[in-house]
Amino acid sequence: MEDRPNPLGETDERYRRFVTEDFTGMLVMRTDGQIVTCNPAVAGIFGFDSVEEAMSANFFAFLRNRQDGIELLETVRQHGMVDRHELEMTQRNGDPVYVVTRLIGNFANGELTELHVYLFNDTKRKRLEQQLVQAQKMEGLGTLAGGIAHDFNNILAIILGYTNKLESSHSKPNEFPGAIKVIKEAVERGAALVQQLLTSARQTEARFSSVDLNALVRELESMLQATFPKTISFHLELAPDLPLITADKSQIHQVLLNLCVNARDAMPAGGTLTLATSITPGPDLTEMFSGVTADSYACIRVRDTGIGMTRQVKSHIFEPFFTTKERSKGTGLGLSVVYGVVNNHRGFVQVESEPGAGTSFIIYLPVKHLAAEQLGGDRTGAPRQDIPQTILLVEDEEMLRELGVSMLQSEGFRVLAAKDGVEAVALFESHSDEIGLVVCDLGLPRLGGREAFLKMKESKPGVRAIVASGYLEPAIRSEMLKAGVIDTIQKPYDFNDLLAKIRSIIGPQPVTDDHPELF
Ligand code: ADP
Ligand code: MG
């Protein structure tokens with residue numbers, strides 16, 4: 001400070017008071033963080049009793065994340081200063097303190113020697129902001145819980161109603177298939193709902209494989225044509241040489257479905273829904289998005305001739321639970337799923353919309369880009385003929401266990417069943433030569449699925465296992481695969497899916513890799 005001209009022409013004393021009384025923390029520090037001098041506000045911000053105490057401290061010791069210090073120094077070295085940078089720091093007693101800071105470098109012969117640091121205590125505002133975010137989350141959860149409870153109750157009512165019907169002594173066998181179909185559809189609806197929620201929370205594992213977007217769009221169009229009002233006409237503009245992309249097919253399907261449903265809702269009086277694919281060079285996108293890394297992007301445009309959006313609505317659409325629709329019509333999750341999925345694929349979403357002039361959503365997905373380790377996909381090897389056809393099924397839910405046993409038996413497998421990890425390990429150890437495959441739930445009483453598997457592996461390193469779970473975080477999945485589990489399956493699974501996995505590991509029949517949409 002001393003080496004600057006006194007801008008106001010004040011006396012030294014007035015200038016000194018100016019600095020002492022200011023509530024902005026001001027300090028001079030060396031590049032190792034040692035504080036050389038500071039004003040009382042600094043002591044206040046970090047909870048010291050006196051300026052002297054504060055002056056014996058190291059600035060970097062207050063940083064919540066030491067890496068921040070290294071980066072700040074580097075920026076000052078390169079650019080001379082850092083302006084309005086938000087930092088999370090800690091007070092002497094460990095309490096968090098949020099500051100907005102400005103750092104200015106002092107250089108001697110091109111070497112950074114000292115830094116002038118200005119600190120504005122922003123903790124109060126930050127706390128309010130955090131509370132607001134929390135409050136909004138809770139509000140959103142409330143809305144969401146209401147919506148889900150409603151949907152699930154309907155689903156359960158359908159299932160209950162039809163099982164009652166099947167149970168009743170008046171039911172006729174020729175009505176069974178119809179009732180079973182309805183029950184199955186209701187279950188699929190429930191599972192799809194859970195899936196939407198998990199996808200929006202980005203907790204589902206993505207299964208990456210090569211995807212032909214044009215084929216996906218055609219498939220979707222024929223499905224929608226059958227279900228959307230006839231007042232909506234479809235128009236396809238598909239680029240002929242669209243390359244395959246690496247993506248999770250069912251997630252991209254979900255993205256397009258959500259966009260098309262929104263387009264339908266935006267055209268209550270009918271209109272045209274256009275689905276177009278094309279290819280865009282990466283460099284063309286750098287102005288619009290940051291983080292463009294691929295050479296080219298496959299792009300899908302979903303355009304409607306509907307009501308469009310105001311600028312105000314447009315600024316909120318990707319927020320979870322934001323909806324302008326009636327409660328029963330919208331959850332406000334559709335576009336947050338779109339955003340989450342596209343982001344997960346390292347792609348981008350663009351929106352063009354004007355009130356009354358329709359809306360276009362444009363999705364950009366990188367062509368050939370994702371690293372090999374993300375291509376988890378199907379790790380199952382060629383089917384083996386010589387593996388014992390006995391399956392150890394470990395499931396704590398009694399009904400599911402019984403159902404699994406009878407289904408597997410009807411497919412010709414011999415089945416041993418266990419209801420928890422301890423029982424599973426005991427059964428495995430006494431029958432390890434007969435058991436060709438273990439199908440094991442992850443969350444089990446007494447001994448968890450993971451631990452049970454590790455024990456089995458200890459007693460027989462070649463044990464083959466599929467792990468099932470309703471909540472399989474990618475990290476846990478990859479850890480399980482690393483530990484030697486052959487495959488995982490997300491619950492609730494379609495039994496045919498499980499069967500396909502089982503057959504691909506131990507069964508004689510080869511399998512196709514066609515997964516049903518929702519599981
Ligand atoms: P929801 O459809 O359940 O309301 P979304 O996240 O899918 O939730 O969409 C959020 C909001 O974005 C919608 O309520 C609507 O206001 C707006 N919106 C989305 N797509 C369109 C569209 N194609 N035309 C006009 N408005 C749209
Ligand atoms: Mg929607």
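The subject of this paragraph is the site of ligand 1. In the vicinity of ligand 1 there are 19 residues, among which Asp304, Thr323, Thr324, Lys325 and Gly332 approach most closely. Within the side chain of Asp304, a nitrogen or oxygen atom sits 2.8 Å from a nitrogen atom of ligand 1. Between ligand 1 and Lys325, the relevant distance is 2.7 Å, taken from an oxygen atom to a side-chain nitrogen or oxygen of the residue. Summarising the interface, the protein chains cover 94% of the accessible area of ligand 1, which totals 530 Å² for the free molecule. Contributions of two or more residues to the shell around ligand 1 are made by α10 (334–344) and β12 (359–366).

Take the sheet that holds strand β14 (residues 414–418) next. If you trace the five strands from one edge of the open sheet to the other, you get β14-β13-β15-β16-β17, paired in parallel fashion. Each of the sheet's edge strands pairs with one partner strand only, and the pair in question is β14 and β17 (487–490). Strand-to-strand twist in this sheet, taken as the mean axis angle between neighbours without regard to direction, amounts to 20 degrees. Across four bridges, strand β16 (residues 465–469) lies against β17 in parallel orientation. Note that in β17 the partner of Val467 across the bridge is Thr488. Helix α11 (residues 398–410) contacts β13 (390–394) and β14 of the sheet and is inclined by roughly 170 degrees relative to β14. Along the sheet, helix α15 (residues 495–505) contacts β13, β15 (435–441), β16 and β17; its crossing angle with β17, the most-contacted strand, is approximately 175 degrees.

The next thing to look at is the packing of helix α12 (residues 421–431) against helix α13 (residues 449–459). Interhelical geometry of α12 versus α13 gives an angle of 20 degrees and a closest axis separation of 9 Å. Considering the angle they form, α12 stands roughly parallel to α13. In this structure, α12 crosses over α13, and the sense of that crossing is right-handed. The residues of α13 that touch α12, namely those facing Gly421, Ala424, Val425, Phe428 and Glu429, are Ala452, Lys455, Met456 and Ser459. Looking at the contact of α12 with α13 residue by residue, the classes come out as five nonpolar, two polar and two charged.

A few words now on the packing of helix α7 (residues 213–227) against helix α8 (residues 249–265). The interhelical angle for the contact between α7 and α8, taken along N-to-C directions, is 50 degrees, at an axis separation of 11 Å. Classified by the angle between their axes, α7 and α8 sit oblique to one another. By crossing handedness, the relation of α7 to α8 is classed as right-handed. Between α7 and α8, the contacting residues are Leu213, Leu216, Val217, Glu219, Leu220, Met223 and Leu224 on the first element and Lys249, Ile252, His253, Leu256, Leu257 and Cys260 on the second. The residue makeup of the contact of α7 with α8, split by class, is ten nonpolar, one polar and two charged.

Mean pLDDT for the chain: 84, with 87% of residues reaching 70 or above. Contacts from residues 369–384, a stretch scored under 50 in pLDDT, to residues over four places away or in other chains number 31 contacts. A low-confidence stretch, residues 509–519 (pLDDT under 50), is modelled with 23 contacts involving residues beyond four sequence positions or located in other chains.

Right, let's get into α15. The element α15 is extensively covered by neighbouring structure, given that nine of its eleven residues are classed as buried. Of the residues making up α15, those classed as buried are Phe495, Asp497, Leu498, Leu499, Lys501, Ile502, Arg503, Ser504 and Ile505.

Turning next to a negative patch on the surface. Together, Asp396, Glu397, Glu398 and Glu402 make up a region of like negative charge exposed at the surface. As for its placement among the helices and strands, Glu397 is situated in the loop between β13 and α11. A residue is classified by how much of its surface remains accessible, and Glu397, at 47% relative accessible area, is partly exposed.

So, about the pairing of β14. Inspection of the sheet shows β13 paired to β14 by five bridges, in the parallel sense. Counted as the bridge partner of Thr390 is Arg414 from β14. You can see the chain leave β13, run along α11 and come back into β14, and the turn it takes is right-handed.

Turning our eyes to something else, we now look at the environment of Asp22. Topologically, Asp22 is positioned in the loop between α1 (12–21) and β1 (25–30). For Asp22, a relative accessible area of 26% translates into the label partly exposed. The spatial distance from the C-alpha of Asp22 to the C-alpha of Ala41 is 6.9 Å, given a sequence separation of 19 residues. Within the local environment of Asp22, its side chain forms a polar contact with the backbone nitrogen of Thr24, the two atoms lying 2.8 Å apart.

Consider a sheet: its strands pair through backbone hydrogen bonds, and that pairing is either parallel or antiparallel. Pairing is mixed across the open sheet formed by five strands, whose spatial order is β7-β9-β10-β12-β11. This sheet does not close on itself; its edge strands, each paired only once, are β7 (232–237) and β11 (348–353). Across the sheet, the mean angle separating the axes of adjacent strands is 15 degrees when strand polarity is ignored. Running at roughly 170 degrees to β7, α7 makes contact with β7, β9 (271–281) and β10 (296–304) of the sheet. Its contacts with the sheet place α10 against β11 and β12, and it is angled at close to 25 degrees to β12.

The tally for this structure, following the rule as stated, stands at ten aromatic pairs. Their ring planes at 5 degrees and their centres at 4.0 Å tell us that Phe46 and Phe62 sit as a pair that is stacked. With Phe46 in helix α2 (residues 40–46) and Phe62 in the loop between α3 (51–55) and α4 (66–79), this pair connects stretches of sequence that are 16 residues apart. The two residues Phe46 and Phe62 agree in class, both being buried. Members of the aromatic cluster, each reached through a chain of ring pairs, are Phe289, Tyr297, Phe348 and Tyr364.

Our focus in this paragraph is the pattern of salt bridges. Counted under the stated rule, the structure contains 24 salt bridges. A salt bridge links Glu185 to Lys181; its shortest N-O distance comes to 3.5 Å. Placement of the pair is Glu185 and Lys181 together in helix α6 (residues 176–200), with a separation of four residues, close to one helical turn. Here Glu451 makes a salt bridge to Arg450, at a shortest N to O gap of 3.2 Å. The exposure class of Arg450 is partly exposed, given its relative accessible area of 31%. One continuous salt-bridge network, built from bridges that share partners, spans Glu86, Asp122, Arg125 and Lys126.

About the cut-offs
Residues numbered from 1 in each chain as written. Chains lettered and ligands numbered in written order. Predicted model: local features only at pLDDT ≥ 70, side-chain atom pairs only at ≥ 80, totals over all residues. Heavy atoms only, no water. Near = heavy atom within 4 Å. Polar contact = N/O pair within 3.5 Å; in protein donor to acceptor, adjacent residues only side chain to side chain. Areas by Shrake-Rupley, 256 points an atom, 1.4 Å probe, with all protein chains shown as cover. Helix = DSSP H or I, 4+ residues; strand = E, 2+ residues; numbered from the N terminus. Pairing = 2+ DSSP bridges. Axes fitted to C-alpha atoms, helices over the stretch in contact; angles between N-to-C directions. Contact = heavy atoms within 4.5 Å. Parallel < 35°, antiparallel > 145°, perpendicular 65-115°, else oblique. Left-handed = near helix turned anticlockwise from the far one by under 90°. Nonpolar A, V, L, I, M, F, W, Y, C, P; charged D, E, K, R; others polar. pLDDT = per-residue confidence, 0-100. Buried < 20%, exposed > 50% of the residue type's maximum accessible area, 1.4 Å probe, protein only. Patch = residues over 30% accessible without salt bridge, like charges linked within 9 Å, V, L, I, M, F, W, Y side chains within 5 Å. Salt bridge = Lys/Arg side-chain N within 4 Å of Asp/Glu carboxyl O. Lys, Arg positive; Asp, Glu negative; His and termini not counted. Charge placed at Lys NZ, Arg CZ, Asp CG, Glu CD. Right-handed = clockwise from strand over helix to strand, strands pointing away. Phe/Tyr/Trp six-rings, centres within 6.5 Å; stacked < 30°, edge-to-face > 60°.

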